[in-house]
Amino acid sequence: MSGARSLGADYFEGIFASDADPWDLASSEYERRKFDRTIKTLDDRRYASGLEIGCAHGVLTQRLHRLCDQLLAIDISQAALALAQQRLGTQPGLEFAQMGFPTEAPQSRFDLCVMSEVAYYWDASDLARAALWLADHLVPGGRVVLVHYTGETDYPCTADEAVGALQRGTSGQFTPCLAERHESYRLDLWERQ
C-alpha cells in the first residue's frame, strides 16, 4: 500500500462536479460487461437486504435492485446520490443515503454487500474498519462481492492489496466462493460462514 490516506468526499464531489458520468458507467462497453458479470454472479438467489457501497449515479444500483427485496445504496458524494436518485426515482425497496463508508456505516444486517470499485480508495486503517464491519453485519450465508480495476492507479492501494487486506481483516469468517481475474478487473465472491 502506498501509505496515502483514504480519499474523502471532496475528491469525489470534485469528480462529479466536472462530469456527471466520470467513469463512463452508463456508456462504456467495459463497464456493461463488468456489470453483466457481477449480476450473473449474484442472480442465483434473491436477497432480503442488500447494501451497495459507492453507488455513484446508480447504473449498477438499478440492476442490483431487481435482486433485492430491500436495497440501501450509499455514496460519499451528495452529487452522485442526486444523480442516482434522478436516474432511479422513488421505487419500493430502494433507499439512498450519503455515508462515507467505512467511517460512516449502516447498523443493519445484510445478506448482500456489493463493493464495486471502492475498496482501493481506502487506506489500511479504513480497510481494517471495513473488514470488521463486514464480519459484524453480514448474516450467516450472506454474500460479499468485490469488483475492482486491476490496472495502475494513484489510489491509496491496488485492487489486490485492498481485497487481501479485507480478507485478512475478516479473520476467515468468509468462504471465498469465486475469485476471477478478467482483462482489467478482478471479481471476488465471499460467503459468510
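Criteria and thresholds
Residues numbered from 1 in each chain as written. Predicted model: local features only at pLDDT ≥ 70, side-chain atom pairs only at ≥ 80, totals over all residues. Heavy atoms only, no water. 1 Å grid on protein atoms, 1.4 Å probe; cavity = no way out; pocket = protein on both sides within 12 Å on 5 of 7 lines; lining within 4 Å. Points joined across faces, edges and corners; volume = space filled by probe spheres on them. Helix = DSSP H or I, 4+ residues; strand = E, 2+ residues; numbered from the N terminus. Nonpolar A, V, L, I, M, F, W, Y, C, P; charged D, E, K, R; others polar. Salt bridge = Lys/Arg side-chain N within 4 Å of Asp/Glu carboxyl O. Buried < 20%, exposed > 50% of the residue type's maximum accessible area, 1.4 Å probe, protein only. Pairing = 2+ DSSP bridges. Axes fitted to C-alpha atoms, helices over the stretch in contact; angles between N-to-C directions. Contact = heavy atoms within 4.5 Å.

A. The arrangement of the layout of surface pockets in detail. Put simply, the largest pocket is a space of about 620 Å³. If you go around the largest pocket, you meet 37 residues; those closest to its centre are Phe12, Ser116, Glu117, Val118 and Tyr121. Here the lining of the largest pocket takes four residues from helix α2 (residues 29-42), the largest share from any one element. Its residues placed into classes, the lining of the largest pocket shows 23 nonpolar, eight polar and six charged.

B. Just the pattern of salt bridges, in detail. Evaluated as defined, the whole model comprises 15 salt bridges. Its salt-bridge partner being glutamate 29, residue arginine 32 comes within 2.3 Å of it at the nearest N-O pair. Of this pair, arginine 32 and glutamate 29 are both found in helix α2, three residues apart, which corresponds to roughly one turn of the helix. On the basis of relative accessible area, arginine 32 is assigned to the partly exposed category, the value being 38%. Among the residues examined, glutamate 29 registers a relative accessible area of 41% and is labelled partly exposed. Between arginine 32 and aspartate 36 there is a salt bridge, with its nearest N and O atoms 2.4 Å apart. Placement of both arginine 32 and aspartate 36 in helix α2 is noted, with a separation of four residues, approximately one turn of the helix. When its relative accessible area of 27% is taken as the criterion, aspartate 36 is described as partly exposed. Each of Glu29, Arg32, Arg33, Asp36 and Arg63 takes part in one network of salt bridges that share partners.

C. Highlighting the sheet that holds strand β1 (residues 47-53). Strand order in the open sheet formed by seven strands is β3-β2-β1-β4-β5-β7-β6, and the pairing between neighbours is mixed. Of all the strands in the sheet, the pair left with one neighbour each is β3 (94-98) and β6 (174-181). Between one strand axis and the next, the sheet turns through 15° on average, direction left out of account. Pairing analysis gives seven bridges linking β6 to strand β7 (residues 185-192), with the strands arranged antiparallel. Residue pairing for β7: phenylalanine 174 is matched across the bridge by arginine 192. Each of β1, β4 (110-116), β5 (138-149), β6 and β7 touches helix α5 (residues 124-137); the most contacted strand, β5, lies at about 145° to it.

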